[in-house]
Amino acid sequence: MIEKPTERSLVTRVLEAGKREATFLRNGQIRVLIDDIGGMTPELSSEQECRLINAHWLPWFRSNSGETFNDTKHGSFWRNSLLYNIAGNFPCIPNFGPGQIIDGISMPAYGWTANLPWKFVKTGFDNVSGGAWALSELSSPEAKFRLSFKKIDMVIPGHAVHYTALTVKNSGDTDTEINAGFHNTLGSPFLEAGCRVSACAKNWATPPAGGEFDATTRLALGAEFPALSKAPLSYGNKEDLTVIPGPIGYTDFVCGSVPKSARLSWSALVNPNLKLAYVCFFTGPAAAESNDIVLYFNDFWMEFGGRPFPPWSAFEGGSDLNYCLGAGNSTAAYCYGLEYSRAAKEMLGSPCTVTIPARREKTLYYGTLFGSYENNVLDGGIVGIDGEENHLVCKSTAEAWKFNADPSFRIIKAVQKREFAGLGQ
């Protein structure tokens with residue numbers, strides 16, 4: 001029987017596979033493992049009596065050698081440090097896309113927050129909520145990008161939610177345009193054929209030709225469409241992307257624009273066999289304050305076996321051995337990176353970059369829920385989500401299920417204010 005803490009959550013420092021230093025948070029409902037390297041979250045598990053189910057993707061090619069990535073030694077197979085360490089969910093700032101040259105400097109794929117080791121600062125407990133948290137920080141390695149980052153990860157008793165508050169500070173004298181997002185990536189045993197995917201976006205698009213999906217997608221490139229259930233295929237028919245298939249030999253990408261009227265933004269995946277829902281929620285444009293980072297897009301990266309090259313396959317021309325779903329959210333133009341986003345400015349009527357003003361800071365508040373439901377309520381998928389004071393209300397076509405949650409991020413904001421003040425932030 002799994003021991004279940006009841007009065008407050010627990011937080012410890014651990015050494016996980018590959019000799020990676022990490023923070024381990026648990027509260028009797030979920031377990032969260034967060035690596036210092038890249039803020040990777042290889043585990044977000046649901047605790048239910050004797051059952052532990054991890055929602056997050058653990059790729060077969062993730063290195064557990066304990067060696068630091070070296071391009072000369074490892075680059076020919078892994079290609080970059082991101083793929084060497086990648087797993088589950090990770091923060092993507094200031095770049096959401098491939099490695100590229102930005103303002104004359106070399107920017108890694110999906111930014112420094114996804115590649116560099118975060119410096120662990122301390123852990124603590126919130127006496128009001130009983131929650132446990134960990135604080136870490138990171139600084140830009142480039143003088144031209146005078147950005148620094150502070151991150152609080154938190155779990156709260158009774159909430160099947162991993163809460164994050166990630167603050168970006170610009171110490172420079174000029175405003176800086178960046179991408180921002182989280183790359184939630186789901187895998188087996190949670191992800192399987194028949195799962196239902198949904199999001200708050202009302203308008204959708206596939207990336208234009210000239211990117212990484214040209215040779216792997218089944219979808220029409222550069223297309224716009226009104227719903228996930230009506231995605232255009234390259235040969236003219238429509239495909240319902242709300243129902244997850246098995247490994248079909250394609251890798252696709254779609255993104256949708258979050259409505260400007262949304263006070264709470266979200267994306268979700270439901271497994272009707274396991275009666276588990278995975279929900280990302282974050283501050284919507286209509287509720288955002290001046291110091292909030294707003295994520296304007298829902299992103300779905302459908303890696304269902306379409307990449308016959310390393311590290312996805314064991315050799316060039318081999319079989320793609322991966323099956324995962326990227327169900328992240330961002331402010332970025334597709335996943336083409338910061339340079340492309342700055343040039344595009346807008347997509348589907350929404351901005352593609354976040355501006356961090358000179359000598360100021362902004363914060364991204366993000367929740368990832370992984371909880372169980374009963375009585376087949378959400379089996380057909382989630383069609384809408386409302387935030388109440390102490391609940392996340394997930395609606396199906398006929399009914400709704402309430403999860404304990406703090407959709408306003410009131411609790412983590414109080415912790416952040418107290419702890420960041422102590423650091424002079």
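Within each chain, residue numbers correspond to sequence positions counted from 1 in written order. Since the coordinates come from a predicted model, pLDDT governs what is reported: local features require at least 70, and pairs of side-chain atoms require 80 or more to be given and counted, while whole-chain, interface and lining totals use all residues. Derived side-chain values reflect all non-hydrogen atoms in the structure, with water molecules and hydrogen atoms excluded from consideration.

*Asks:* Would you take a moment to explain helix α1 (residues 71–78) for this structure?
*Replies:* Each turn of an α-helix holds 3.6 residues, which means side chains three or four residues apart point in the same direction. Only protein chains enter the calculation, and the probe is 1.4 Å; a residue is then buried if its accessible area is under 20% of its type maximum, exposed if over 50%, and partly exposed in between. Strands here are runs of E lasting at least two residues and helices are runs of H or I lasting at least four, both read from the DSSP assignment and numbered beginning at the N terminus. Burial in α1 covers these residues: His74, Gly75 and Trp78. With its buried residues spanning 120° around the axis, α1 presents them on a single face. Turned more than 90 degrees away from the buried face of α1 sit Thr72, Lys73 and Ser76, all of them exposed. Contact definition: two residues touch when any of their heavy atoms are within 4.5 Å. Among the structural elements, α2 (81–85) are those in contact with the buried residues of α1. Under the rule applied, a polar contact is a pair of N or O atoms within 3.5 Å (in protein, one hydrogen donor and one hydrogen acceptor; residues adjacent in sequence only if both atoms are side-chain atoms). Its side-chain oxygen placed 3.0 Å from the backbone nitrogen of threonine 72, asparagine 70 serves as the N-cap of α1. Comment: arc refers to directions from the helix axis out to C-beta atoms.

*Asks:* Quick question: what am I supposed to make of the pairing of strand β20 (residues 250–257) here?
*Replies:* Regular strands place their side chains on alternate faces of the sheet. β20 sits mainly inside the fold: seven of its eight residues count as buried. DSSP bridges decide pairing: two strands pair if at least two such bridges lie between them. Both strand β16 (residues 203–205) and β20 contribute to a ladder of three bridges, which runs antiparallel. Along β20, the bridge assignment pairs alanine 205 with cysteine 255. Summarising the sheet, β20 and strand β23 (residues 297–304) pair through eight bridges and their orientation is antiparallel. When the bridges of β23 are listed, tyrosine 250 appears paired with phenylalanine 304.

*Asks:* I'm lost on the nonpolar core in this one. Help?
*Replies:* Of all hydrophobic cores here, the largest spans 61 residues; its most connected members are Val168, Phe190, Ile244, Val254, Leu269, Phe300 and Leu325. Counting residues per element, this core draws most heavily on strand β22 (residues 276–283), at four residues. The next biggest cluster of nonpolar side chains, apart from the first, holds 34 residues, and it includes Val258, Leu369, Leu378 and Val415. As used here, the term nonpolar core means buried Ala, Val, Leu, Ile, Met, Phe, Trp, Tyr and Cys residues forming a set that is joined through side-chain atoms within 4.5 Å.

*Asks:* Any chance you could explain the sheet that holds strand β30 (residues 391–395) here in plain terms?
*Replies:* The strands making up a sheet are joined through hydrogen bonds of the backbone, oriented either antiparallel or parallel. Across the sheet, which stays open at both edges, the three strands sit in the order β29-β30-β31 with antiparallel pairing between neighbours. Pairing within the sheet leaves two strands with one partner each, and these edge strands are β29 (384–387) and β31 (400–404). On average, each strand axis in the sheet is tilted by 20° relative to the strand beside it, whichever way the strands run. In terms of strand pairing, β30 meets β31 through five bridges, oriented antiparallel. When the bridges of β31 are listed, histidine 391 appears paired with asparagine 404. Angles shown run from 0 to 180 degrees and are taken between the N-to-C directions of axes, each axis being a line fitted to C-alpha atoms and, for helices, limited to the stretch in contact.

*Asks:* Explanation requested: the packing of aromatic side chains in the structure shown.
*Replies:* Each aromatic ring pair is characterised by the separation of its centres together with the angle its planes make. Each Phe, Tyr or Trp ring (for Trp, its six-membered ring) is paired with any other whose centre lies within 6.5 Å, and the angle between the two planes then decides the class: stacked below 30 degrees, edge-to-face above 60, tilted in between. For the structure shown, the criterion picks out 29 aromatic pairs. Note on tryptophan 60 and phenylalanine 77: the rings are 6.4 Å apart at their centroids and 75° apart in plane angle, and the pair reads as edge-to-face. Here phenylalanine 77 lies in helix α1 and tryptophan 60 lies in the loop between β5 (51–54) and α1, a separation of 17 residues in the sequence. For tryptophan 60, a relative accessible area of 40% gives the class partly exposed. A ring pair is formed by phenylalanine 304 and tyrosine 323, whose centres lie 5.5 Å apart and whose planes are at 40°; its orientation type is tilted. In this pair, phenylalanine 304 is assigned in strand β23 and tyrosine 323 in the loop between β23 and β24 (324–331), connecting sequence segments 19 residues apart. The pair phenylalanine 304 / tyrosine 323 is uniform in exposure class, with both members buried. Connected via pairs of aromatic rings, a cluster forms that spans Trp57, Trp60, Phe61, Phe69, Phe77, Trp78, Tyr84, Trp301 and Trp312. Comment: the charge-over-ring label is applied if NZ (Lys) or CZ (Arg) is within 6 Å of the ring centre and within 35 degrees of the ring normal. Lying across the ring of phenylalanine 120, arginine 13 places its NZ or CZ 4.1 Å from the centre. The ring of tryptophan 312 has arginine 307 sitting right over it, with the charged end atom 4.6 Å from the ring centre.

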